[in-house]
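Spelled out, the chains give:
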Amino acid sequence: MDNTEKVVVGILGLGLAIGAIAVASRPAKAAPGTGTLSGAVGDESGDPVSGVNVTLGEMTTLTDPDGFFYFSDITTGSYPMSFIKEGYEAVYL
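Novice: I keep staring at the pairing of strand 5 (residues 59-62) and nothing clicks. Help me out?
Specialist: The side chains of a regular strand alternate between the sheet's two faces. Pairing geometry for strand 4 (residues 53-56) and strand 5, over four bridges, is antiparallel. The partner of T55 across the bridge, within strand 5, is T60. Linkage of strand 4 to strand 5, two consecutive antiparallel strands, is achieved through a turn of two residues, within which G57 is found at a positive phi near 60°.

Novice: Would you take a moment to explain unusual backbone geometry for this structure?
Specialist: For residues other than glycine, phi is negative in most cases, and the peptide bonds are mostly trans. Despite not being glycine, D73 has its phi angle at roughly 55°, a positive value. One can find D73 in strand 6 (residues 68-75).

Novice: Got a minute to help me understand the nonpolar core in this structure?
Specialist: By size, the foremost hydrophobic cluster in this structure holds 12 residues: L37, V41, V49, V52, V54, L56, F69, F71, I74, M81, F83 and V91. Mapped onto this core, the elements with two or more residues apiece are strand 3 (34-42), strand 4, strand 6 and strand 7 (81-84). Here this core takes three residues from strand 6, the largest share from any one element.

Rules used in this analysis
Numbering of residues starts from 1 in every chain and runs along the sequence as written. Whole-chain, interface and lining totals are the exception, using all residues; otherwise, since this is a predicted model, local features are given only for residues with pLDDT of at least 70 and side-chain atom pairs are given and counted only at 80 or more. Side-chain measures here rest on the full set of heavy atoms in the structure, leaving out hydrogens and waters. A strand pair is defined by DSSP finding two or more bridges across the two strands. Comment: elements are numbered from the N terminus, with helices defined as DSSP H or I runs of at least four residues and strands as E runs of at least two. Definition used in this section: a nonpolar core is a set of buried Ala, Val, Leu, Ile, Met, Phe, Trp, Tyr and Cys residues joined via side-chain atoms within 4.5 Å. Relative accessibility under 20% of the residue-type maximum defines a buried residue, over 50% an exposed one, and the middle range a partly exposed one, all with a 1.4 Å probe and only protein chains included.

Set out below in C-alpha cells:
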C-alpha cells in the first residue's frame, strides 16, 4: 500500500518555486506515528536552487545541488514550513 501524498505548490513570482513535495505517512523503517517529507526547490525558470534553508517546525536542512530536500522521522502533526536563501524572497507555508 502506498501511503505517499504528492502536493505540487507553485510559488512563482516570489523567486522560489517548490515542486513535488511528497509526504509519506509511514515509511517501512519509521516508527509508528512518524513519516518523511521530501521535495525540490527551483527558481522561476524551473532551475534547481541549492543551499536553500528549508525549515519544518524546529527541523532544518539545506537543499542539495539538485534542489532536493528530505526530512525523516517527522512526528505526525501540522508544522510551519519555510524556504529561505539570500538573494531570493523567502517563502512561508
